[in-house]
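Here is what each chain is made of, one letter per residue.
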Amino acid sequence: MQFGIEGMTCASCVRRVEKAIAAAPGVIAANVNLATERAEVVFSGEPDLAKVLTAVTAVGYQPRSEAVELAIKGMTCASCVARIERALKAVPGVSNANVNLATERATVDFTLGAVDGAALEAAVAAAGYEARQIVANQAFERDADNRQAEIRALGRALAIAAIFTLPVFILEMGSHLIPSFHHWVMGTFGIWSWRLQFVLTTIVLFGPGLRFFTKGLPALFKGAPDMNALVAMGAGAAWVYSVVATFLPAALPVGTANVYYEAAAVIVTLILLGRTLEARAKGRTGEAIKKLVGLQAKTARVVRDGITSEVALGDVRVGDVVLVRPGEKIAVDGEVVEGSSFVDESMITGEPVPVSKGIGAEVVGGTINKTGSFSFHATKVGSQTLLAQIIRMVEAAQGAKLPIQALVDKVTAWFVPAVIVAALLTFAIWLVFGPDPALSFALVNAVAVLIIACPCAMGLATPTSIMVGTGRAAEIGVLFRKGDALQTLRDASVIALDKTGTLTEGRPELTDFIVADDFEEDELLAVVASVEARSEHPLAEAIVRAAEGRGLELVDATDFEAIPGFGVRARVGARRVEIGADRLMAQIGLDVSDFAAVAERLAGEGKSPLYAAIDGELAAVVAVADPIKQSTPAAIKALQALGLRVAMITGDNRHTAQAIGRQIGINEIVAEVLPDGKVEALKRLQAGGARVAFVGDGINDAPALAAADVGIAIGTGTDIAIESADVVLMAGDLRGVANAIALSKATIRNIGQNLFWAFGYNVALVPVAAGLLYPFNGTLLSPMLAAGAMALSSVFVLTNALRLKRFRAPLKAG
């Protein structure tokens, strides 16, 4: 279960929230992402979201909420209203529900990400009424609106802080740098210069800067300080010291009554500047999702009861007939029932050439109709459409936590407390050993340590790169269903490939049909095709197409049975028919030696020999060839150029597999394996610690996709294969594997750069802020410069992550 969280600013915030959620009853795992501002929670049993939300609130953060409107049918009185409200409020994550009998509408407030429209509709249905979500696919847009509101609020706070900080900075720093200006200030304002700075700085700290104190001090008192606590301590210490120096100078040692109002004000202003730049950059990291959402049509022309009307996208229902005119976006997924056209599906497959669509063809929501007009039956709507699933996949990948993040988590667990200890030690050492005025030196350097070490950059280093990398991947047709595949794929040394549908077109053609002496060719082909018409195997489709191409009449087969890895059997009329590999013939006790020479020749030509038996008598050998995809040779060469060993694992005849392998330059061939045999083959390839990525597209590939270190599904394959995979290639093009690996390497390299900067920055500058260089060359780091450097470090990390948006796929599809 996922939900949004507000108020997190750094890696220590993430750590606090994760610990709070993990301690809630029934929680077995918690993953909090700073960049997406979401938490993913895994429960051991029935989810108790209320306790999790309470735990989040208890540590000072707020679950993000949103509202949705439902249209309700079937209400007749006030008791209906009460019943529906109770049903909606009982859904975990719903905070409030308000039902209006007159408008037949329900407004539901719930925690962002914890509830979907389907759950709300189901709750209403269980209460005996019908509900449907009025506004569909608006969650991201609402999230974007919230982000913009946050940016505007930060912008206003920054403007106010800057306006009041500038006079303080000029008065104090101008006096230090320009003697004549100092004399003018003292002659004009005298002691009132400090008092004016006090007023202006107080406005900054307890106006725009109040957020640091309201969040940081409670966290500090609870023993779990975060970035806000560091800022509050640093700016607050400088302000308190300056107030004492201004109004009670006698309370300080002689010569130490100095003010640091400018440090306190500038720290707050620069941190707000960094926050504003961060918020804007974070907004840009989600642009891939924004583009995907923008692909959706807003309305659809639907025919109901013979009347054509334009309805909102959210009002389209399964079974509706939707009309599409030239140039229009296709609203939802469906099947063409009338007309024909060419459809641009490049946003799904990456293929630039429009695809012909006729009656019976499937169309995908979000793709663009080019030339003709047609109508289609809606088969998937709302969250079930392919585009909606893609959006969910990208969101899930963007919220993932890579193994490399474990290092960051370990460091940030103790980092902020360590910084506070370092600041206290700095203060003590300067106070005891520092030159006069020792108290002033101690305060300034301790404040600089607190400010320079804010771990914002650490918290953003990994998630922002993941967000941008997975978003860019979606744009080039590569979907990372699981974010950790980004890291694992980079480490792959072996790419194992299924043959049919992966290396080949997956649409084989019947090339040879050689019958025994006692059988007539067309009659036997009709019988064989009648059985294969019940099968979903690509080889079966080729046989059926060949029979239909000859104009043969097929009949309904009965008692059909598919035997995975062997073949099929059924009855056609009174005859028992068995079709499959030589191992099926051996299983039923038939000798295929009469066709052995023919089968060997066919296999050597890269064709798949199958056998047909009628009533226990060997009747024919059938040869089917599956053409190699034009893109396959270039893809294999590209993978080998990356230093990868390429293997083919297939259930096909060994001779056929070797013939294909020779043509395209495969390094290793494993043939004649059943689905579980593919898993065993993967384990052999993994021997010695090798990381193996498996690429497949069929139902029989699902176990191997799940067993591989990284499972890569060809997007044109079956739903089961795609659900079992870590990465999905939306086009049926093997070149996407090389692109995915290249993007994986680029993203992990980008994360490495971010972490190097984030860690290196703190390791290098904390000692400088503590005054380590002062005995050697008199160098001290001003708290103002520390604040500026800290803000810039976060902006650098975000900007570096955004460079992934310019990633170019090494191999172009199409």
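Residues numbered from 1 in each chain as written. Predicted model: local features only at pLDDT ≥ 70, side-chain atom pairs only at ≥ 80, totals over all residues. Heavy atoms only, no water.

The name given to the protein chain in an unreviewed UniProt entry is P-type Cu(+) transporter, and the organism recorded there is Mesorhizobium hungaricum. Annotation of the protein chain in UniProt includes, under Sequence similarities (unreviewed entry), the sentence "Belongs to the cation transport ATPase (P-type) (TC 3.A.3) family. Type IB subfamily." The UniProt entry for the protein chain carries the following comment under Subcellular location (unreviewed entry): "Cell membrane". (UniProt positions renumbered as here; feature names shortened; annotations may be inferred.)

### Let's talk about a positive patch on the surface
Taken together, Arg749, Arg803, Arg806 and Arg808 make up a surface patch of like positive charges. Assignment of secondary structure puts Arg808 in the segment after helix H29 (783-802). (Patch = residues over 30% accessible without salt bridge, like charges linked within 9 Å, V, L, I, M, F, W, Y side chains within 5 Å. Areas by Shrake-Rupley, 256 points an atom, 1.4 Å probe, with all protein chains shown as cover. Salt bridge = Lys/Arg side-chain N within 4 Å of Asp/Glu carboxyl O. Lys, Arg positive; Asp, Glu negative; His and termini not counted. Charge placed at Lys NZ, Arg CZ, Asp CG, Glu CD. Helix = DSSP H or I, 4+ residues; strand = E, 2+ residues; numbered from the N terminus.)

### Concerning the nonpolar core
Counting 157 residues, the largest nonpolar core has Phe3, Ile21, Leu88 and Leu120 as the members making the most contacts within it. A per-element tally of this core places helix H27 (residues 735-770) first, with 16 residues. Grouped together as the second largest cluster of nonpolar side chains are 43 residues, Val527, Ile543, Val572 and Val622 included. (Core = buried A, V, L, I, M, F, W, Y, C linked by side-chain atoms within 4.5 Å. Buried < 20%, exposed > 50% of the residue type's maximum accessible area, 1.4 Å probe, protein only.)

### Digging into the UniProt feature "transmembrane region" (unreviewed entry) in the protein chain
The UniProt record annotates "transmembrane region" (unreviewed entry) at residues 157-178, 184-206, 227-252, 258-277, 411-433, 439-462, 755-774 and 780-802. Secondary structure within residues 227-252 divides into 81% helix and 0% strand; the distance between the first and last C-alpha atoms comes to 29 Å. Between the C-alpha atoms that bound residues 780-802 the distance is 33 Å, and the span itself is 87% helix and 0% strand.

### Brief notes about the packing of aromatic side chains
In this structure the tally under the stated criterion is ten aromatic pairs. Aromatic side chains Phe441 and Tyr774 sit 5.9 Å apart centroid to centroid with 55° between the ring planes, which places their arrangement in the tilted category. In this pair, Phe441 sits in helix H15 (residues 438-452) while Tyr774 sits in helix H28 (residues 774-777), placing the two residues 333 residues apart along the sequence. Under the relative-accessibility criterion, Tyr774 is labelled partly exposed at 28%. Judged by centre distance (4.5 Å) and plane angle (35°), the ring pair of Trp757 and Phe796 falls under tilted. Within this pair, whereas Trp757 is found in helix H27, its partner Phe796 is found in helix H29, the two being separated by 39 residues in sequence. Residue Trp757 is classed as partly exposed on the basis of its relative accessible area, which comes to 34%. Aromatic ring contacts, followed pair by pair, group Phe198, Phe206, Phe213, Trp239, Phe247 and Tyr261 into a single cluster. (Phe/Tyr/Trp six-rings, centres within 6.5 Å; stacked < 30°, edge-to-face > 60°.)

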